[in-house]
Amino acid sequence: MESQTSPIRIGIIGYGNLGRGVEAAMARNPDMVLTGIYTRRDPSQLKPSHAGTPVHAMDSLLAHKGQLDVLILCGGSKDDLPRQAPELAAHFNLVDSFDTHARIPEHFANVDRAAQAGQTTALISAGWDPGMFSINRVMGEALLPDGATYTFWGKGLSQGHSDAIRRVPGVAGGVQYTVPVEAAVDKVRSGVRPELSTREKHTRECFVVLAEGADAEAVRQTIVGMPHYFDQYDTTVHFISAEELAREHGAMPHGGFVIRSGNTSDACKQVVEYRLQLDSNPEFTSSVLVAYARAVHRLRQMGQTGCKTVFDVAPGLLSPKSAAALREELL
């Protein structure tokens, strides 16, 4: 692995929270250049943060084949990425942040089929979970085979759960925070390997703006009883004004812990912990995507094609530094 002699040419697909985060991260990675943003919207209506960044219609992407080293896909996991990633992997190297855990094997197979046919390199499910948390779960299991792994999320704003409460009749606006139960975290950190139920690990806290004339108690009951989202958790619903929602809950903080608790002998307990504390979930996820875009470019240069995950990438490939510099400075 050597340092780049020419900048890695990056294309952003989609310009929501993730796309804006990738654009911001690009400014901090001098070995890369943002070649263009590709959007399904009218390109003339999209205003990038950095003046002069080219904005193109998605329909023009194939015409730019050969001008882009890696695409960073910034769409949603529900509808966008399952369709876009296989379609684009047939023609381009790419990275996505597909995060529907149960469907990752299916998504991998679809993207791998396209990437193998197109002889491209495509890395899926980069971010912090899946992504950085996944790596730390693997490391914990490998280093402490006699042990148990615990993942806690938050305190942080959950986009999916926030969307779910906004769809409840009578809700004009709202957000939801996932909060780890401190007693459970402390118990895990002590090395005793507790068996914890879903309800024992996290609580959920909702801040809701009622629509005019809505019944607050009916809204609360609908939220706390919502299957798959809230019914298995202790959930608190706070009713607030639209002004308070905008003033106090406009940011997107998140984070969490991966803890592996195990024994290397009967007498010795060992605990390994990885923690994230994020002011902006999308900006950090975007920074992970950018680092993995660098790795994808290097893997393609090595001739390693097909679909990849974070498990397949050596850490040194993420860094802009040469292998020699990494050995000297960080090993």
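Use the structure listed above.
Residues numbered from 1 in each chain as written. Predicted model: local features only at pLDDT ≥ 70, side-chain atom pairs only at ≥ 80, totals over all residues. Heavy atoms only, no water.

Trainee: Got a minute to help me understand the sheet that holds strand E13 (residues 268–278) in this structure?
Mentor: What holds strands together in a sheet is hydrogen bonding between their backbones, with the strands either parallel or antiparallel. Pairing is antiparallel in the open sheet, where 3 strands are placed in the order E7-E12-E13. In the strand order of this sheet, the two ends are held by strand E7 (147–153) and E13, each with one partner. Averaged over all adjacent pairs, the angle separating strand axes in this sheet is 10°, with direction ignored. Helix H4 (residues 132–143) rests against E7, strand E12 (254–265) and E13 of the sheet, and its axis sits at about 5° to E12. Lying on the sheet, helix H6 (residues 182–189) is in contact with E7, E12 and E13; it crosses E12 at an angle near 30°. (Pairing = 2+ DSSP bridges. Helix = DSSP H or I, 4+ residues; strand = E, 2+ residues; numbered from the N terminus. Axes fitted to C-alpha atoms, helices over the stretch in contact; angles between N-to-C directions. Contact = heavy atoms within 4.5 Å.)

Trainee: What exactly am I supposed to notice about the packing of helix H2 (residues 80–89) against helix H3 (residues 104–118) here?
Mentor: Two measures define how a pair of helices packs: the angle their axes make with one another and the distance between the axes. The N-to-C vectors of H2 and H3 enclose an angle of 20°; their axes lie 7 Å apart at closest approach. Between H2 and H3, the angle falls in the class roughly parallel. Helix-helix and strand crossings are classified by hand; for H2 and H3 the assignment is right-handed. Along its contact with H2, which presents Leu81, Pro82, Ala85, Pro86 and Ala89, the element H3 presents His107, Asn110, Val111, Ala114 and Ala115. In the contact of H2 with H3, the residues fall into 8 nonpolar, 2 polar and no charged. (Parallel < 35°, antiparallel > 145°, perpendicular 65-115°, else oblique. Left-handed = near helix turned anticlockwise from the far one by under 90°. Nonpolar A, V, L, I, M, F, W, Y, C, P; charged D, E, K, R; others polar.)

Trainee: Help me understand the nonpolar core in this model?
Mentor: The nonpolar side chains of soluble globular proteins are, as a tendency, buried together. Core analysis: the largest hydrophobic core is formed by 38 residues, its most contacted members being Ile10, Val22, Ile72, Val95, Tyr292 and Val313. Listed by contribution, the elements that provide at least two residues to this core are strand E1 (8–13), helix H1 (17–26), strand E2 (32–39), strand E4 (70–73), H4, E13 and helix H10 (281–301). The biggest single contributor to this core is H10, with 9 residues. For Val95, the contacting residues outside a window of four places in its chain are Val70, Leu71, Ile72, Leu73, Leu123, Ala126, Leu289, Tyr292, Ala293 and Val296. (Core = buried A, V, L, I, M, F, W, Y, C linked by side-chain atoms within 4.5 Å. Buried < 20%, exposed > 50% of the residue type's maximum accessible area, 1.4 Å probe, protein only.)

Trainee: What am I meant to see in the sheet that holds E2 here?
Mentor: With parallel pairing, the 7 strands of this open sheet are ordered in space as E3-E2-E1-E4-E5-E6-E14. Two strands lie at the open edges of the sheet, namely strand E3 (55–57) and strand E14 (306–308), each paired on one side alone. Relative to strand E5 (residues 94–95), E4 runs parallel, the two being bridged by 2 bridges. Looking across to E5, one finds that Leu71 is bridged to Leu94. The sheet contacts of H2 involve E1, E4, E5 and strand E6 (121–123), and relative to E4 the element is tilted by about 175°.

Trainee: How should helix H8 (residues 216–224) be read in this particular structure?
Mentor: What sets the pattern is the α-helix's 3.6 residues per turn: residues three or four places apart point alike. Within the span of H8, buried status applies to Val219, Ile223 and Val224. Down the axis of H8, the sector holding all buried residues measures 120°, keeping them to one side. Where H8 is buried, its residues touch helix H5 (159–166), strand E9 (171–180), strand E10 (202–210) and strand E11 (234–239). At the N-terminal end of H8, a side-chain oxygen is found 3.0 Å from the backbone nitrogen of Glu217, two or three residues along, and the residue is Asp215. (Arc of directions from axis to C-beta. Polar contact = N/O pair within 3.5 Å; in protein donor to acceptor, adjacent residues only side chain to side chain.)

Trainee: Which parts of the structure should I look at to understand unusual backbone geometry?
Mentor: With an omega of 5°, the peptide bond running from Asp129 to Pro130 counts as cis. Phi is positive for Arg193, close to 55°, though the residue is something other than glycine. Within the element layout of this structure, Arg193 appears in the loop between H6 and helix H7 (198–201). Using a relative accessible area of 28% as the deciding quantity, one classes Arg193 as partly exposed. With phi around 75°, His228 is a residue other than glycine that occupies positive phi space. Looking at the element boundaries, His228 is found in the loop between H8 and E11.

Trainee: Is there a simple way to explain the pattern of salt bridges in this structure?
Mentor: Any two side chains of opposite charge can pair, given that their charged atoms come close. Overall, the coordinates contain 14 salt bridges when judged by the stated rule. Taking the shortest distance from any N to any O, the salt bridge between Asp69 and Arg9 comes out at 3.1 Å. Here Asp69, found in the loop between E3 and E4, pairs with Arg9, found in strand E1; they are 60 residues apart in sequence, far enough to count as distant. A salt bridge links Lys78 to Asp79; the shortest N-O distance between them is 3.7 Å. Classification of Lys78 as exposed rests on a relative accessible area of 67%. On the accessibility criterion, Asp79 (51% relative accessible area) is exposed. (Salt bridge = Lys/Arg side-chain N within 4 Å of Asp/Glu carboxyl O.)

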